[in-house]
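One letter stands for each residue in the lines below.
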Amino acid sequence: MNSQPHPDTGSTVVLTLAHEHGVPLEETSIARMFHACQRCHNRYDAPMRRAGIMARTRAMCAIGDLFDQ
């Protein structure tokens, strides 16, 4: 399926190696990984990325409040 047209988009499929959420990268074994096209991998990771962006934004606001006195 790698380098073949994606069934939904028609774009060239590039397979990626994804790991299960909630498992630290250094503890990820091959059994906890899976192949996914870039589109599916990005969809799988999107909620985690969104949560990370929100957490970093909140942390930056908190640091700013700490020193705005």
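If you're wondering where the values come from, they're calculated on a predicted model, not measured in any experiment.

Cut-offs and rules
- Residues numbered from 1 in each chain as written.
- Predicted model: local features only at pLDDT ≥ 70, side-chain atom pairs only at ≥ 80, totals over all residues.
- Heavy atoms only, no water.
- Helix = DSSP H or I, 4+ residues; strand = E, 2+ residues; numbered from the N terminus.
- Buried < 20%, exposed > 50% of the residue type's maximum accessible area, 1.4 Å probe, protein only.
- Contact = heavy atoms within 4.5 Å.
- Areas by Shrake-Rupley, 256 points an atom, 1.4 Å probe, with all protein chains shown as cover.
- Salt bridge = Lys/Arg side-chain N within 4 Å of Asp/Glu carboxyl O.
- Polar contact = N/O pair within 3.5 Å; in protein donor to acceptor, adjacent residues only side chain to side chain.

K.L.:
Teacher, can you tell me more about the overall build of the protein here?
P.N.:
Across its full length, the protein holds one helix and two strands. The secondary structure elements of the protein, listed N-terminal to C-terminal, are β-β-α. A buried classification covers 16% of the 69 residues belonging to the protein. When contacts within the protein are restricted to residue pairs at least 6 apart in sequence, those whose partners lie at least 24 apart make up 24%. Just so you have it, the protein exposes about 5600 Å², and 59% of that area is on carbon and sulfur atoms.

K.L.:
It is not clear to me how the pattern of salt bridges should be interpreted in this structure. Could you clarify?
P.N.:
Once the charged atoms of two side chains with opposite charge are near each other, the side chains can pair. Applying the stated rule across the entire model yields three salt bridges. In this structure, Arg39 and Asp8 form a salt bridge, with 3.2 Å as the shortest nitrogen-oxygen distance. With Arg39 in helix α1 (residues 38-67) and Asp8 in the segment before β1 (15-19), this residue pair connects regions lying 31 residues apart in the sequence. We note a salt bridge from Asp45 to Arg49, for which the minimum N-O separation is 3.6 Å. Of this pair, Asp45 and Arg49 are both found in helix α1, four residues apart, which corresponds to roughly one turn of the helix. Since its relative accessible area comes to 41%, Arg49 is described here as partly exposed.

K.L.:
Hey, could you run me through the environment of Thr16 in this one?
P.N.:
Tracing the sequence through the fold places Thr16 in strand β1. Classification of Thr16 as buried rests on a relative accessible area of 19%. For the pair Thr16 and His35, spaced 19 residues apart in sequence, the C-alpha to C-alpha distance is 5.6 Å. Those residues in contact with Thr16, other than ones at most four positions away along the chain, are Phe34, His35, Ala36, Cys37, Gln38 and His41. Of note is the side chain of Thr16, whose polar atom sits 2.7 Å from the side chain of His41.

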